[in-house]
Number of protein chains: 2
Amino acid sequence: MALEHALLVALREQPASGLDLARRFGRSIGFFWSATHQQIYKVLGRMESDGWVEATEVSQSGKPDKKVYDVTPAGRAALAAWLAEPTPTHALRSDLAVKMRGASFGDREAVLDVVRANLADHHVRLDHYRQLMKRDYPDGSGALAGLDLDQYLVLRGGILTEETWVAWLTEYLEAHA
Amino acid sequence: MALEHALLVALREQPASGLDLARRFGRSIGFFWSATHQQIYKVLGRMESDGWVEATEVSQSGKPDKKVYDVTPAGRAALAAWLAEPTPTHALRSDLAVKMRGASFGDREAVLDVVRANLADHHVRLDHYRQLMKRDYPDGSGALAGLDLDQYLVLRGGILTEETWVAWLTEYLEAHA
DNA sequence: CATGCCTATGCAACGAGTTGCAATCCTCGG
DNA sequence: CCGAGGATTGCAACTCGTTGCATAGGCATG
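Each chain has its residues counted from 1, running along the sequence as written. The lettering of chains begins at A and the numbering of ligands begins at 1, in the order of writing. Totals for whole chains, interfaces and linings use all residues, but because this is a predicted model, local features are given only for residues with pLDDT of at least 70 and pairs of side-chain atoms are given and counted only at 80 or more. For the side-chain quantities, the full set of heavy atoms in the structure was used; hydrogens and water were omitted.

As annotated in an unreviewed UniProt entry, chain A carries the name Transcriptional regulator, PadR family and comes from Nocardioides szechwanensis.

## Let's talk about the relation of the copies chain B and chain A
Our working rule: We place the copies in one frame by least squares, fitting the C-alpha atoms of every residue whose pLDDT is at least 70 in both. Contact between two residues is taken to exist if any of their heavy atoms lie within 4.5 Å; hydrogens are not considered.
Between chain B and chain A, the superposition needs a rotation of 180° and an axial shift of 0.0 Å, giving an RMSD of 0.1 Å. Accordingly, the operation relating the two chain copies is best matched by a two-fold axis. By C-alpha distance to the rotation axis, the residue of chain B lying nearest is Thr164 of chain B, at 3.5 Å. The overlap is high: 100% of the interface residues of chain B also sit at the interface in chain A, so the same surface is used on both sides.

## A closer look at empty space enclosed by the protein
Which entries qualify depends on this criterion: Throughout, the protein atoms alone are placed on a 1 Å grid, and a set of points is a cavity if a 1.4 Å probe fits but cannot get out or a pocket if it is open with protein on both sides within 12 Å along at least five of seven lines; lining residues have an atom within 4 Å of a point. Grid points are joined across faces, edges and corners, and a volume is the space filled by probe spheres set on the points. Any residue outside Ala, Val, Leu, Ile, Met, Phe, Trp, Tyr, Cys, Pro, Asp, Glu, Lys and Arg is labelled polar, Gly included; the first ten of those are nonpolar and the last four are charged.
Following the criterion strictly, the structure yields three cavities of 30 Å³ or more and no others. Quantified by volume, the largest cavity comes out at close to 120 Å³. Residue lining of the largest cavity: Ala6, Val9, Ala10, Phe25, Ile29, Phe32, Trp33 and Val154 of chain A together with Ser94, Ala97, Val98 and Arg101 of chain B, and that is the complete set. Its residues assigned to classes, the lining of the largest cavity shows ten nonpolar, one polar and one charged. Reported here for the second largest cavity is a volume of approximately 90 Å³. In this structure, the second largest cavity is lined by Ala97, Val98 and Arg101 of chain A together with Ala6, Val9, Ile29, Phe32, Trp33 and Val154 of chain B.

## Thoughts on the UniProt feature "domain: Transcription regulator PadR C-terminal" (unreviewed entry) in chain A
Filter applied, for reference: UniProt positions are given in the numbering used here, feature names are shortened, and annotations may be inferred rather than shown by experiment. Helix numbering and strand numbering both begin at the N terminus, where a helix is a DSSP run of H or I of at least 4 residues and a strand a DSSP run of E of at least 2.
Sequence positions flagged by UniProt for "domain: Transcription regulator PadR C-terminal" (unreviewed entry) are, in local numbering, residues 92-175 of chain A. Taken end to end, residues 92-175 of chain A is 79% helix and 0% strand, and its two terminal C-alpha atoms sit 22 Å from one another.

## Some details on the domain arrangement of chain A
Worth spelling out the cut-off: All domain edges in this entry derive from an automatic or database-based domain assignment.
In terms of domains, chain A is made up of domain 1 (3-84) and domain 2 (95-175). Each of domain 1 of chain A and domain 2 of chain A was reduced to a C-alpha centroid, and the two centroids are 27 Å apart.

## What to know about the UniProt feature "domain: Transcription regulator PadR N-terminal" (unreviewed entry) in chain A
What UniProt calls "domain: Transcription regulator PadR N-terminal" (unreviewed entry) maps, in this numbering, to residues 7-80 of chain A. Helix makes up 49% of residues 7-80 of chain A and strand 23%, whereas the separation of the span's terminal C-alpha atoms amounts to 13 Å.

## Quick look at the pattern of salt bridges
The following threshold applies: We define a salt bridge as a contact between a side-chain nitrogen of Lys or Arg and a carboxyl oxygen of Asp or Glu at a distance within 4 Å. Buried means the residue's accessible area, taken with a 1.4 Å probe over protein chains only, is under 20% of the maximum for its type, while exposed means over 50%, and partly exposed covers the values in between.
Applying the stated criterion across every chain, the model contains 22 salt bridges over all chains. Of the charged contacts, one joins Asp121 of chain A and Arg125 of chain A as a salt bridge, the two residues approaching to 3.8 Å between their closest N and O atoms. Here Asp121 of chain A pairs with Arg125 of chain A, and both are found in helix α6 (residues 108-136), just four residues apart, close to one helical turn. Arg125 of chain A gets classed as buried once you look at its relative accessible area, which sits at 15%. The closest approach of N and O atoms between Asp113 of chain B and Arg116 of chain B, which form a salt bridge, is 2.7 Å. Here Asp113 of chain B pairs with Arg116 of chain B, and both are found in helix α6 (residues 108-136), just three residues apart, close to one helical turn. For Asp113 of chain B, a relative accessible area of 43% gives the class partly exposed. Overlapping salt bridges, with partners in common, bring together Asp20, Arg23 and Lys66 of chain A in one network.

## Looking at the packing of aromatic side chains
Put simply, the rule reads: Between 30 and 60 degrees the pair is tilted, below 30 it is stacked and above 60 it is edge-to-face, where a pair is any two Phe, Tyr or Trp rings, Trp via its six-membered ring, whose centres lie within 6.5 Å. For a ring to carry a charge above it, either NZ of a lysine or CZ of an arginine must fall within 6 Å of the ring centroid while also lying within 35 degrees of the normal to the ring plane.
Taken as a whole and judged by the stated rule, the model has four aromatic pairs over all chains. When the centroid spacing of 5.2 Å and the interplanar angle of 75° are considered together, the rings of Tyr137 of chain A and Tyr152 of chain A count as edge-to-face. Of this pair, Tyr137 of chain A sits in the loop between α6 and α7 (146-175) while Tyr152 of chain A sits in helix α7, and the two are 15 residues apart along the sequence. What makes Tyr137 of chain A buried here is its relative accessible area of 14%. Across from the ring centre of Trp33 of chain B, 4.7 Å away, lies the NZ or CZ of Arg93 of chain A, which sits over that ring. In this structure, Lys99 of chain B packs its charged tip against the face of Trp82 of chain A, placed 4.7 Å from the ring centre.

## Quick look at the interface of chain B and chain A
We count it as follows: Here the buried area means the combined drop in accessible surface, using a 1.4 Å probe, for two parts upon being joined, counting both sides. Under the rule applied, a polar contact is a pair of N or O atoms within 3.5 Å (in protein, one hydrogen donor and one hydrogen acceptor; residues adjacent in sequence only if both atoms are side-chain atoms).
Taken together, the contacts link 63 residues of chain B with 63 residues of chain A. Taken as a group, Leu83, Arg101 and Phe105 of chain B account for 15% of the area that chain B buries against chain A, more than any other trio of residues on that side. At the junction of chain B with chain A, the criterion picks out six salt bridges. At the junction of chain B and chain A, the tally comes to 29 residue pairs in polar contact (both at pLDDT 80 or more). Only α1 (3-13), α4 (73-84), α5 (95-101), α6 and α7 (146-175) of chain B provide two or more residues apiece to the side of chain B that touches chain A. At 16 residues, α7 of chain B tops the list of elements feeding residues into the side of chain B that touches chain A. Looking at the side of chain B that touches chain A, its residues break down into 32 nonpolar, 18 polar and 13 charged.

## A short note on the pairing of strand β2 (residues 63-71) of chain B
Residue and element names in this part refer to chain B. Put simply, the rule reads: One bridge is not enough; two strands pair if DSSP finds at least two bridges between them.
Relative to β2, strand β1 (residues 53-60) runs antiparallel, the two sharing seven bridges. The partner of Glu54 across the bridge, within β2, is Asp70. Between the end of β1 and the start of β2, which pair antiparallel, lie two residues, with Gly62 showing a positive phi angle near 85°.

So, in structure tokens, the structure goes:
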């Protein structure tokens, strides 16, 4: 239900084509929200027929044309309304947690390998986020406000989340060492 | 894809009926994995026709009969195979993060209210988990092993996760104070 | 020119989960 | 007896997202 609104946020930050969005959702935004290009095209089409966004054909040199989407006033209103709605908090929902809990019912060493692989992945992500932080906010949050501050704070959330994963999986592995 | 395996883990811990499972998924297990009874019945039916579980009709005094499911050898093998598979890590996926990032495009004070409501909810969950921890593991993890240790460690993960949410949302609110 | 590769957009089929509703069995209170 | 209400199981329709594939333009290389 929220991909539409995530796309509205992304397009308000910067108008873009479907594939541009897919790339952004694979990078900075997408570390906190993922979506494939198929899903993005599908939702963009619905949003366009709902009048939330409108597309402009843009010619490119050396590449096929692309359709750059921008948010309409109706889309802005829909976004503002959604932003003010309460959001239910839903639980974690992690395959890995299920495997950790069920490790006794299979090959424990195999589960530990899965956990180790995930830990390595979370280390990579954490390093990546920290690099983004250093590159984009070398002076900390002091001078930020509005959109910049919000982007900073969401990146902070990503870092906190990855640190938690690292801590948790490390604790799991040490307890089973 | 993993509800089936989450159910296998739950049933290996303790055979149960569909509604029993729904209640457990609304409680201890479900703080890390949620599922409605409809979804559980649907998946249990498929698992039964796949030969992963088998049901026994059990009469109850004062209540309708119930079907208690237990895991078959084929189900045990399927669970063991799944446990050893690698698990891709997928990103956060949080409506609230999108709202925090997009707060500039709507009524910021309304978004802050949404964040405050979520913060209160995470405080409640954190308290709940800590009570579970105190009730079920008053002596810490020292003497635990196997299934008990795993259950403890997953609860630890829940606590770490909720602490992270509390820290993050608090930081967000203070930055916009 | 033919082939392969990248960009860009999109369709179709499927799987998973949610929401709303229904049916049955049982007990309890009036 | 009758109706209310909880327990138990389940169906149907819908939304959301994934996976696999298709189409087309343009470039580079052999």
